[in-house]
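Results of the structural survey
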Amino acid sequence: MSEYFVIRLINDKFYSSWIKIDKKGHYTQEAKFGNLSDAANDLEGKPKIIILIPGSKVSINIAALPTRNNNNIIKMLPFLIEENTADDTNNLFFTHKFLGKGNDAVIASISKNYLNRIILKLNELNIYPTYIYSDSQGITDIPGHLTLIAEKDFTYGKIPGEQPFVIENLKLIDIWNMIPKKYKSEDLINNIILYTDESGFNRCKDEINELREKVKSVNFLKFKKGLLPGLASSLIKNPGNNFLTGEFMPETNWIELLRPWKIPISLTLLLFITNIFGNFIEMNRLKFENIGLVNQINNQCVEIFNSPNISTCETMINQQLSTTSSRLDSIGESLFLEIINAISFHIDQNISLESIIYRDNTMNLRVTTSDIATLDAFTTSIQGYERLSITIQSTNQ
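1. Notes on the overall build of the protein chain
Helix and strand content of the protein chain: eleven helices and 15 strands. In the protein chain, the proportion of contacts linking residues at least 24 apart, taken out of those at least 6 apart, comes to 58%. Carbon and sulfur atoms make up 52% of the accessible area of the protein chain, which totals about 25,400 Å².

Below, the structure is given as structure tokens:
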């Protein structure tokens, strides 16, 4: 199936040519001609649809934009182009496309009424375009050449590095004479390549030799099936300014876009709902456990402190713990003094007390005696004290 279905509108009565092209720009069907309704009947599958409108309906300019904010650009475009158009800018629709990373942009403008009439006619025939371009933007740059496209009533032209132009009912030699001299140097354009269809050839065939006298060379190519294949291929490879933006942007068919994602989205949604349901069950379980624990604490408070209030219960527990701690500290101090008193009672001139360390109900004494017998006698004398358990850790003779 072709990637693109390209329709070129030739006149205001919707006489058209159309072609099917793949993504590489190669046509898979020769161009056909007929009414727009005939093109609609030839539309198969779901290719991207490109509509090319006559370049004579579009004004193209280059301007430096001070911002890349799209909302601000839309507001300033009418003022930037106001001096370059004779039309009321309120009746024009603008679209822009930046040239690289700089501030320069291609600005294309078209009558809102004309664009709206085209879109309504297309939709009436169930043609819903993906892009709408000016056909003049399909003319490619050829270094050193002025490119001309001659058709029945119009001549399209492009100077390398410049935007295309469209002129109605003017001889080729007159067009050449209109080109500024700065472009006619050896480095820019001194050659012409001319493309025509059958009607364009009949119009300008007598002018080709005259044109050859002005330039180094004129290369001439005539296409029996029209110029659409080349224009379409060029715009697929290098898109122009798309007029389907802003107020003319088509409504998105979200159902069609989401169709391929139906199963993945359904599974993701199912997992999400399952996760929420699981969390809800877990929260309820924790809630009931909390209620049960609170009830148990209340019952204990009533039994012990005769109060169902947990705060009251907590206050009373803290008071009791504080009292118990003070009592234990007092007991510890009294026992220490009692032991010191007992030891001092048995120390005489033959025993020298060098240090006492008391920690965690254990007292370490370091004493010096004249002999082992004196140490044994001291140990025996205090060992009878019921609160002490004596252990000799080491002796030095």
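Once you've had a look at it, read on.
2. Concerning the packing of aromatic side chains
By convention here, two paired aromatic rings are described through the distance between centres and the angle between planes. All told, the structure shown has four aromatic pairs when counted by the stated rule. Their ring planes at 80° and their centres at 4.9 Å tell us that Phe93 and Phe248 sit as a pair that is edge-to-face. With Phe93 in strand β6 (residues 92–98) and Phe248 in the loop between α7 (228–237) and α8 (254–258), this residue pair connects regions lying 155 residues apart in the sequence. For the pair Phe93 and Phe248, one class covers both residues: buried. Aromatic pair Tyr131 and Tyr133: ring centres 5.7 Å apart, planes at 10°, arrangement stacked.

3. Regarding a negative patch on the surface
Side chains of Glu82, Glu83, Asp87 and Asp88 sit close together on the surface and give a patch of like negative charge. With respect to the helices and strands, Glu82 occurs in the loop between α2 (70–81) and β6. For Glu82, a relative accessible area of 46% gives the class partly exposed.

4. Structural notes on the sheet that holds strand β1 (residues 4–9)
Spatially, five strands are ordered β3-β2-β1-β4-β8 in an open sheet, and the strand pairing comes out mixed. Lying at the two open borders of the sheet, with one neighbouring strand each, are β3 (27–35) and β8 (131–134). Within the sheet, the average angular offset between the axes of one strand and its neighbour, ignoring direction, is 20°. Packing against the sheet, helix α3 (residues 112–124) makes contact with β1, β4 (48–53) and β8, and its axis sits at approximately 140° to β4. This element, α7, spans β1, β2 (15–21), β3, β4 and β8 of the sheet and lies at about 55° to β2.

5. So, the nonpolar core
The biggest cluster of nonpolar side chains holds 27 residues, and the ones touching the most others in it are Ile7, Ile53 and Phe243. Elements supplying a minimum of two residues to this core: β1, α1 (36–41), β4, β7 (104–111) and α3. Examining the composition of this core, we find that five residues originate from one element, α3, more than from any other. In this view, Ile53 contacts Leu9, Val58, Ile110, Tyr114, Ile118, Ile132, Tyr133, Ser134, Asp135 and Phe243; residues no more than four positions away in its chain are not counted.

6. With respect to α2
Quick reminder: α-helices carry 3.6 residues per turn. Residues three or four places apart thus point the same way. Along its twelve residues, α2 runs 17 Å from first to last C-alpha, staying within 8% of the 16 Å computed at 1.5 Å per residue. If you check which residues of α2 are buried, you get Ile73, Met76, Leu77, Pro78 and Ile81. Two or three places before Asn71, at the start of α2, stands the capping residue Asn69, its side-chain oxygen 3.1 Å from that residue's backbone nitrogen.

7. Quick notes on the side chain of Asn61
Relative to the helices and strands, Asn61 resides in strand β5 (residues 59–64). Using a relative accessible area of 14% as the deciding quantity, one classes Asn61 as buried. A polar contact of 3.3 Å, which involves the side chain of Asn61, links it to the side chain of Ser59.

8. Let's talk about unusual backbone geometry
Note: most peptide bonds trans; most residues except glycine with negative phi. In this model, Asn126 sits at a positive phi of 60°, which is unusual for a non-glycine residue. Here Asn126 lies in the loop between α3 and β8. Positive phi outside glycine occurs at Asn169, with the angle close to 50°. Topologically, Asn169 is positioned in the loop between β11 (165–168) and α4 (172–178).

Cut-offs and rules
- Residues numbered from 1 in each chain as written.
- Predicted model: local features only at pLDDT ≥ 70, side-chain atom pairs only at ≥ 80, totals over all residues.
- Heavy atoms only, no water.
- Helix = DSSP H or I, 4+ residues; strand = E, 2+ residues; numbered from the N terminus.
- Contact = heavy atoms within 4.5 Å.
- Areas by Shrake-Rupley, 256 points an atom, 1.4 Å probe, with all protein chains shown as cover.
- Phe/Tyr/Trp six-rings, centres within 6.5 Å; stacked < 30°, edge-to-face > 60°.
- Buried < 20%, exposed > 50% of the residue type's maximum accessible area, 1.4 Å probe, protein only.
- Patch = residues over 30% accessible without salt bridge, like charges linked within 9 Å, V, L, I, M, F, W, Y side chains within 5 Å.
- Salt bridge = Lys/Arg side-chain N within 4 Å of Asp/Glu carboxyl O.
- Lys, Arg positive; Asp, Glu negative; His and termini not counted.
- Charge placed at Lys NZ, Arg CZ, Asp CG, Glu CD.
- Pairing = 2+ DSSP bridges.
- Axes fitted to C-alpha atoms, helices over the stretch in contact; angles between N-to-C directions.
- Core = buried A, V, L, I, M, F, W, Y, C linked by side-chain atoms within 4.5 Å.
- Expected span 1.5 Å × (residues − 1).
- Polar contact = N/O pair within 3.5 Å; in protein donor to acceptor, adjacent residues only side chain to side chain.

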